[in-house]
Amino acid sequence: CEMCPSPEDASTKFRTRALALRDQDGGSSDNDSEFKRIQESVRHCKLGEDVPTVAHVCKFTSTNRSSVTDADLSQLPLGSDPSSANMIMGIARVLCGTLRTE
């Protein structure tokens, strides 16, 4: 049985070009420093409040709102039937930072 590398090892050692983390337009030095910050954060799977959030949404799905148990999800208007309210959810892998529902 083979063992998969950690996401950090995969992005820094094995698949360094897989995320196409390279500057495309040769922008200004302000953009360049921010780009490098994002690039480093993704490559090392950094977490924290001061880290940019990057996520790869791989699929969207429609679901009934009554099936979702998220305390941070906004409430439906009074008198609404949650079983008839549909919503679209994205399935994502967070590459760095913290993804929130707000």
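Residues numbered from 1 in each chain as written. Predicted model: local features only at pLDDT ≥ 70, side-chain atom pairs only at ≥ 80, totals over all residues. Heavy atoms only, no water.

Trainee: Outline the overall build of the chain, supporting the account with residue identities and numerical values.
Mentor: Broken down by element type, the chain carries two helices and two strands. When the accessible surface of the chain is split by element, carbon and sulfur atoms take 51% of a total near 8100 Å². (Helix = DSSP H or I, 4+ residues; strand = E, 2+ residues; numbered from the N terminus. Areas by Shrake-Rupley, 256 points an atom, 1.4 Å probe, with all protein chains shown as cover.)

Trainee: Which residues make up the confidence of the model for the chain, and what values go with them?
Mentor: Looking at the chain, pLDDT values average 78 and 79% of them are 70 or higher. When the elements of the chain are averaged for pLDDT, helix α1 (residues 7-14) gives the smallest value, 72, and strand β1 (residues 54-64) the largest, 88. (pLDDT = per-residue confidence, 0-100.)

Trainee: Tell me about unusual backbone geometry, residues and numbers included.
Mentor: Excluding glycine, residues mostly have negative phi values, and the peptide bonds linking residues are mostly trans. The phi angle at C45 is positive, at roughly 50 degrees, despite the residue not being glycine. Along the polypeptide, C45 turns up in the loop between α2 (29-43) and β1. For C45, a relative accessible area of 27% translates into the label partly exposed. (Buried < 20%, exposed > 50% of the residue type's maximum accessible area, 1.4 Å probe, protein only.)

Trainee: Tell me what's going on with the environment of V54, and back it up with residues and numbers.
Mentor: The topology assignment puts V54 in strand β1. For V54 and G97, which are 43 residues apart along the polypeptide, the C-alpha to C-alpha distance reads 6.5 Å.

Trainee: Could you give an account of the pattern of salt bridges, naming the residues involved and the relevant values?
Mentor: Scanning the model with the defined rule gives one salt bridge in all. Among the salt bridges present, the one from R37 reaches E34, with a minimum N-O distance of 3.0 Å. Of this pair, R37 and E34 both sit in helix α2, three residues apart, which is roughly one turn of that helix. (Salt bridge = Lys/Arg side-chain N within 4 Å of Asp/Glu carboxyl O.)

Trainee: Describe a nonpolar patch on the surface, naming the residues involved and giving the relevant values.
Mentor: Taken together, the side chains of V57, F60 and I88 present a nonpolar region at the surface, about 340 Å² in accessible area. Checked against the element boundaries, F60 lands in strand β1. Exposure remark for F60: the relative accessible area of 61% places this residue in the exposed category. (Patch = residues over 30% accessible without salt bridge, like charges linked within 9 Å, V, L, I, M, F, W, Y side chains within 5 Å.)

Trainee: Describe the state of the cysteines, listing the residues and the values that go with them.
Mentor: The final tally for this structure, using the stated rule, is zero disulfides. Lacking any disulfide linkage, C45 is separated from the closest cysteine sulfur, that of C96, by 8.1 Å. Judged by relative accessible area, C96 falls into the buried class, the value being 1%. (Disulfide = S-S within 2.5 Å.)

Trainee: Tell me about the environment of L76, and please be specific about residues and values.
Mentor: Position of L76 among the secondary structure elements: in the loop between β1 and β2 (86-96). For L76, a relative accessible area of 27% gives the class partly exposed. When residues no more than four places from it in sequence are discounted, the contact partners of L76 are R65, D81, P82 and A85. (Contact = heavy atoms within 4.5 Å.)

Trainee: Go over the environment of D72 with me, naming the residues and quoting the values.
Mentor: Mapped onto the secondary structure, D72 falls in the loop between β1 and β2. For D72 and R100, which are 28 residues apart along the polypeptide, the C-alpha to C-alpha distance reads 9.1 Å.

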